[in-house]
Amino acid sequence: MTLPPSATDRLLSIYLTLAQYPIISSRIRDLMRRELFNRGFLTPTDFEQEVIRKAIQSQEREGLQRPQIEEPAEVWERRKALVRDQLTDFYFSHHLSFELIEELIEEVLNERGVTTHEALYEFNPEVAPQEMLFNQGMMIENLPPAKRKHLEPRLREIKVVLIRNMISDQLRYINIARNWFTISDLAEIRRRKIGHGRIGGKAAGMLLAYKILKESPNEDLRQNLRTPASYYLGSDLLYTFISINNFHHWNDQKYKPEDEMRRDYPKIIEDFINGDFPPSILQRLETLVTSVGQRPLIVRSSSLLEDNFGTAFAGKYESIFLPNQGTIQENMQALTEAIARIYASTLNPTALLYRRSRGLQDYDERMAVLIQTVEGNRFGDYYLPDLSGVAFSHNQYRWSPQIRQEDGFIRLVWGLGTRAVDRVGNDYPRLVALSHPTLRPSNTAQSIRRYSQQYVDLIDLKENKLKTLPIHEVLNGDYPPLRYLAQVDQEGYFRSIRSRLVDANPSQLILTFEDLLRRTPFAERMRYLLKVLEEQYESPVDVEFIADVVEDNGKPDIKISIIQCRPLSYMKESNRVSLPQNTPPENVIFSSSIMVTGGWLEEINYVLFVPPESYFSLTSQSARNKLERTIGRLNSALSNETFICVGPGRWGTSNPDLGVHVDYADIFNSKALVELSGQGIGPAPEPSLGTHFFQDLLEGQIFPLATYVGEDQFNRAFFYDTPNRLAEWIDAEPALFDQLRLIKVSDFKANHHLELVMNGEEERALAFLEESPRGRNGRLQ
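Read on for an overview of the structure. Note that this is a predicted model, so its numbers are computed, not measured.

1. Brief notes about the overall build of the protein chain
At step 1: If you tally the helices and strands in the protein chain, you get 31 helices and 27 strands.
At step 2: Per-residue burial for the protein chain yields a buried fraction of 56% across its 781 residues.
At step 3: Residue pairs in contact within the protein chain that sit at least 24 positions apart in sequence constitute 75% of those at least 6 positions apart.
At step 4: As presented, the protein chain carries roughly 33200 Å² of accessible surface, and 48% of it is formed by carbon and sulfur atoms.

2. Points about the nonpolar core
At step 1: Judged by nonpolar contacts, the single largest core of 85 residues is most densely connected at Ile167, Trp414, Leu516 and Phe522.
At step 2: The residues contacting Leu516, other than those within four sequence positions of it, are Leu387, Leu412, Tyr484, Phe522, Val549 and Ile558.

3. Focus: the environment of Ile174
At step 1: Its place among the elements puts Ile174 in helix H11 (residues 171–177).
At step 2: Residue classification places Ile174 among the buried positions, given a relative accessible area of 3%.
At step 3: On a C-alpha basis, the gap between Ile174 and Lys159 in space is 9.4 Å, while along the polypeptide they are 15 residues apart.

4. What to know about the sheet that holds strand E26 (residues 752–759)
At step 1: Sheet architecture is open: 4 strands sit in the order E19-E27-E26-E20, paired in antiparallel fashion. Either end of the sheet is taken by a strand with one partner, and the two such strands are strand E19 (588–592) and strand E20 (599–604). The average undirected angle you get between the axes of adjacent strands in this sheet is 15 degrees.
At step 2: Where E26 meets strand E27 (residues 764–771), 8 bridges bridge the pair, whose relative direction is antiparallel. Of the residues in E27, the one forming a bridge with Asn759 is Arg764.

5. As for the environment of Ser184
At step 1: Examined against the element boundaries, Ser184 turns out to sit in helix H12 (residues 183–191).
At step 2: A sequence separation of 47 residues divides Ser184 from Gly137, and the C-alpha atoms of the two residues are 8.9 Å apart.
At step 3: When neighbours within four sequence positions are excluded, Ser184 is seen to be in contact with Met138 and Glu141.

6. Overview of the side chain of Gln564
At step 1: Along the polypeptide, Gln564 turns up in strand E18 (residues 555–567).
At step 2: Looking at Gln564, the relative accessible area reads 2%, which means it is buried.
At step 3: A distance of 2.7 Å separates a polar atom in the side chain of Gln564 from a polar atom in the side chain of Arg300.

7. A word on the packing of helix H8 (residues 130–141) against H12
When two helices pack together, their arrangement is given by the angle between the helix axes and by the axis-to-axis distance.
At step 1: One can describe the packing of H8 onto H12 by two numbers: an axis separation of 9 Å at closest approach and a directional angle of 145 degrees. H12 is crossed by H8, and the crossing has left-handed handedness. Contact with H8, carried on its side by Gln130, Glu131, Phe134, Gly137, Met138 and Glu141, involves Ile183, Ser184, Leu186, Ala187 and Arg190 of H12 and no other residues of that element.
At step 2: Looking at side-chain class alone, the contact of H8 with H12 contains 5 nonpolar, 3 polar and 3 charged residues.

8. Side note on unusual backbone geometry
At step 1: Within the chain, Asn246 stands out as a residue other than glycine whose phi angle is a positive 55 degrees.
At step 2: With respect to the secondary-structure elements, Asn246 resides in the loop between helix H15 (236–244) and helix H16 (258–273).
At step 3: Although it is not a glycine, Glu603 sits at a positive phi angle of roughly 50 degrees.
At step 4: Note on placement: Glu603 falls in strand E20.

9. Here we look at the pattern of salt bridges
At step 1: For the coordinates displayed, the defined rule picks out 51 salt bridges.
At step 2: Measuring nitrogen to oxygen at the nearest pair gives 3.1 Å for the salt bridge that ties Arg34 to Glu35.
At step 3: Accessibility expressed as a relative area gives 31% for Arg34, which makes it partly exposed.
At step 4: In this structure, the salt-bridge partner of Asp542 is Arg566, at a minimum N-O distance of 3.0 Å. Of the two residues, Asp542 is situated in strand E17 (residues 541–552) and Arg566 in strand E18; the sequence distance between them amounts to 24 residues. Both residues of the pair, Asp542 and Arg566, count as buried.
At step 5: Each of Arg29, Asp30, Arg33, Asp85 and Asp89 takes part in salt bridges that share partners, so that together they form one network.

10. Describing the sheet that holds strand E11 (residues 430–433)
At step 1: Overall, mixed pairing links the 6 strands, which are arranged E2-E18-E17-E9-E10-E11 in an open sheet. The two strands at the open ends of the sheet, each matched to only one other strand, are strand E2 (225–226) and E11.
At step 2: Of the strand pairs in this sheet, E17 and E18 are connected by 12 bridges, and their pairing is antiparallel. Bridging across to E18, Glu551 finds its partner in Pro556.
At step 3: Where helix H13 (residues 201–214) meets the sheet, its contacts fall on E2 and E18, and the angle it forms with E18 comes to roughly 135 degrees.
At step 4: Strand contacts of helix H24 (residues 522–537): strand E9 (387–392), strand E10 (409–413), E17 and E18, with the helix running at about 30 degrees to E18, the strand carrying the most contacts.

11. Some points on the packing of aromatic side chains
At step 1: Considering all chains together, one arrives at 22 aromatic pairs under this definition.
At step 2: With 6.5 Å between their ring centres and 35 degrees between their planes, Phe277 and Tyr343 make a pair best called tilted. Residue Phe277 is located in the loop between H16 and helix H17 (279–292), and its partner Tyr343 is located in helix H18 (residues 328–344); the two are separated by 66 residues in the primary sequence.
At step 3: Phe277 gets classed as buried once you look at its relative accessible area, which sits at 12%.

12. Concerning helix H2 (residues 25–38)
At step 1: Along its 14 residues, H2 runs 20 Å from first to last C-alpha, staying within 8% of the 20 Å computed at 1.5 Å per residue.
At step 2: Just downstream of H2 lies Gly40, where phi reads positive at about 80 degrees.

13. Overview of the pairing of strand E14 (residues 486–490)
At step 1: Within E14, 4 of the 5 residues are buried, which leaves it mostly tucked inside the rest of the structure.
At step 2: Of the strand pairs in this sheet, E14 and strand E16 (residues 509–511) are connected by 3 bridges, and their pairing is antiparallel. Bridged to Gln487 within E16 is Ile510.
At step 3: For E14 and strand E15 (residues 493–496), the ladder comprises 4 bridges, and the chain directions are antiparallel. In the strand pairing of E15, Gln490 is matched with Tyr493.
At step 4: Hairpin geometry of E14 and E15 is characterised by an intervening segment of 2 residues between the two adjacent antiparallel strands and by a positive phi of about 55 degrees at Glu491.

14. Some words on the packing of H2 against helix H5 (residues 73–95)
At step 1: Put simply, H2 and H5 touch, their axes get as near as 10 Å, and they point 50 degrees apart. What the angle tells us is that H2 and H5 run oblique. Like other packed secondary-structure pairs, H2 and H5 cross with a definite hand, here left-handed. Note on element contacts: H5 touches H2 through Arg84, Asp85, Thr88, Asp89, Tyr91, Phe92 and His95, opposite Arg29, Met32, Arg33 and Leu36.
At step 2: Along the lines of polarity and charge, the residues of the contact of H2 with H5 split into 4 nonpolar, 2 polar and 5 charged.

How each quantity is defined
Residues numbered from 1 in each chain as written. Predicted model: local features only at pLDDT ≥ 70, side-chain atom pairs only at ≥ 80, totals over all residues. Heavy atoms only, no water. Helix = DSSP H or I, 4+ residues; strand = E, 2+ residues; numbered from the N terminus. Buried < 20%, exposed > 50% of the residue type's maximum accessible area, 1.4 Å probe, protein only. Contact = heavy atoms within 4.5 Å. Areas by Shrake-Rupley, 256 points an atom, 1.4 Å probe, with all protein chains shown as cover. Core = buried A, V, L, I, M, F, W, Y, C linked by side-chain atoms within 4.5 Å. Pairing = 2+ DSSP bridges. Axes fitted to C-alpha atoms, helices over the stretch in contact; angles between N-to-C directions. Polar contact = N/O pair within 3.5 Å; in protein donor to acceptor, adjacent residues only side chain to side chain. Left-handed = near helix turned anticlockwise from the far one by under 90°. Nonpolar A, V, L, I, M, F, W, Y, C, P; charged D, E, K, R; others polar. Salt bridge = Lys/Arg side-chain N within 4 Å of Asp/Glu carboxyl O. Phe/Tyr/Trp six-rings, centres within 6.5 Å; stacked < 30°, edge-to-face > 60°. Expected span 1.5 Å × (residues − 1). Parallel < 35°, antiparallel > 145°, perpendicular 65-115°, else oblique.

Structure (structure tokens):
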């Protein structure tokens with residue numbers, strides 16, 4: 001039996017409608033058959049003969065050899081009843097209108113003395129099966145506007161229950177999402193979900209952002225917006241995995257001391273990787289792997305708290321790229337191992353300590369998993385997108401006074417976006433202020449060359465690996481959008497590429513993205529996109545994206561895929577703070593004139609100082625790891641004190657050669673992180689705006705500052721000659737006393753403390769000594 005499209009729609013509508021009335025659906029179908037018989041479309045005898053014939057066919061499909069005698073009578077009657085209902089719905093949808101169904105329902109309800117409106121409220125959505133919610137929600141959503149109006153409150157209630165049970169229980173999210181998602185949207189999410197439970201914060205933010213932007217009045221944006229094919233593992237599957245593998249003994253990790261957490265974690269990873277998945281889940285995953293073929297995948301964490309208001313969990317959990325170029329069995333092995341690693345990352349000490357610092361230790365933080373195809377293009381043996389990055393709707397740290405904070409900024413890279421969101425030690429993204437897209441932190445040829453992207457993350461399809469390669473090993477004149485991404489370095493002058501015929505050696509190509517920003521709608525489209533999302537979220541947002549440059553008759557355009565959206569944490573700035581005037585030079589401890597925001601830290605009593613020359617003299621990774629762990633222990637010991645951290649190069653870098661490689665968990669009690677550069681230390685670190693580590697600082701209200709020794713003020717006597725109080729707070733090896741100094745401010749000048757005043761408008765900060773009045777409490781402004 002086949003139906004034309006319009007009849008197919010009517011059949012679905014009939015099914016969904018009658019599902020709302022399980023008690024009276026049998027009586028309604030009696031009337032439907034009456035109409036078919038009375039109008040001459042069928043005879044009762046022919047209809048019953050077809051019922052029996054199709055019922056026997058269904059028995060044979062189930063393997064019954066002698067259907068008349070092998071099935072109990074009550075089962076046979078039930079089988080005939082189901083076939084009878086199906087044929088009734090089929091013939092009615094083919095011959096008669098949906099409006100007649102509504103009349104018949106009204107007739108039956110009148111027989112029972114019940115109105116249609118009352119019948120819809122026969123069950124409580126909070127405890128009803130999900131199928132019933134979808135059926136009733138679909139029916140209401142498909143009603144004509146006039147008939148639907150009085151049922152809008154019921155529809156909203158159903159949507160809220162479905163959003164809360166399937167996506168997120170965070171009220172601020174629900175308050176936004178209920179206005180955007182339709183029942184059809186939620187049904188599509190359910191269709192792509194494996195397991196029960198919620199799909200988690202990362203998936204929730206991505207879906208909501210895409211829905212908001214797809215409904216934008218800007219047709220240009222709508223036509224150029226994409227989203228990767230996405231699949232979801234419900235948050236309940238984590239506990240199923242733990243249960244069938246008997247991993248319950250790891251459940252109390254969040255309550256253990258930090259040292260014990262870190263000692264156990266390698267064993268947890270090993271156990272989880274060797275764990276088994278239920279056969280039913282493996283079957284669904286194999287179907288997924290088969291359907292996507294050899295498109296690369298990314299397996300991403302999507303915990304219940306992730307990407308929520310005030311708790312971003314930026315970079316705390318795993319995201320794993322899968323080249324997906326092997327056999328089905330090899331790809332399945334890689335996928336299940338990636339899922340297991342993400343499950344194990346819920347017990348990562350960095351994540352657990354982050355939760356502890358945010359007062360979330362007792363929350364049941366379940367982990368859902370988001371599986372997506374990787375957006376990009378093949379270039380030779382490589383697979384990568386033209387553009388990736390993270391965009392922010394608010395730019396709190398400006399590198400020029402003319403930059404408008406409310407227009408936001410972007411960290412932009414070529415290739416996969418890992419180099420945009422992580423503070424990698426050997427590379428630099430392009431920072432784009434969306435109010436002035438071509439304005440750089442520095443415009444000298446030397447700085448442009450130095451702070452341009454040097455490496456690209458991509459997928460090597462031939463070797464089935466994720467790789468990081470120097471850009472000049474990949475980028476050449478055959479790359480289609482080359483002229484929008486790169487310029488030619490000609491002895492200090494950067495020349496744009498005006499055609500696809502590139503008369504330059506690949507080693508002369510510099511990724512400046514200059515012509516992308518000048519000649520395409522990229523910057524304007526991103527600015528508009530961020531503004532729309534900020535308005536709907538009623539909060540600044542940050543968005544991770546992938547984009548491709550396409551040309552239509554020589555005219556460039558940009559296709560954008562949103563892969564993540566979350567509320568943006570930002571510093572709570574003080575009202576305009578005036579810098580002190582006429583401070584005695586001997587009372588100035590340090591100053592800063594690089595990307596300063598407004599704020600005021602009072603009564604700082606301790607300074608944790610890592611001497612640059614001692615740090616960079618460490619020759620082994622184990623010695624640096626020992627220092628990092630000691631900083632973490634000192635951070636815990638000083639939890640009730642007001643202190644700041646001062647050290648060389650980049651705090652939180654992934655490359656210990658360029659700065660102190662610590663996690664947020666090692667410094668979360670600090671009130672500020674000061675990065676030293678300059679004379680005898682090294683070049684000024686590039687701004688880390690927008691990295692996961694930077695987002696942690698903003699969320700924790702930890703001020704990031706940079707001091708360039710030789711240009712900014714730096715009181716060497718304070719940092720080097722004041723006694724080291726480290727031994728009074730923690731036990732430490734003797735060698736560490738040269739590498740880590742804990743300075744009590746009053747040891748440098750009795751009865752004094754440190755004040756740190758930051759003026760964002762003047763782009764200046766000053767740390768100075770002030771006498772300590774008795775009974776005064778410090779506070780973060």
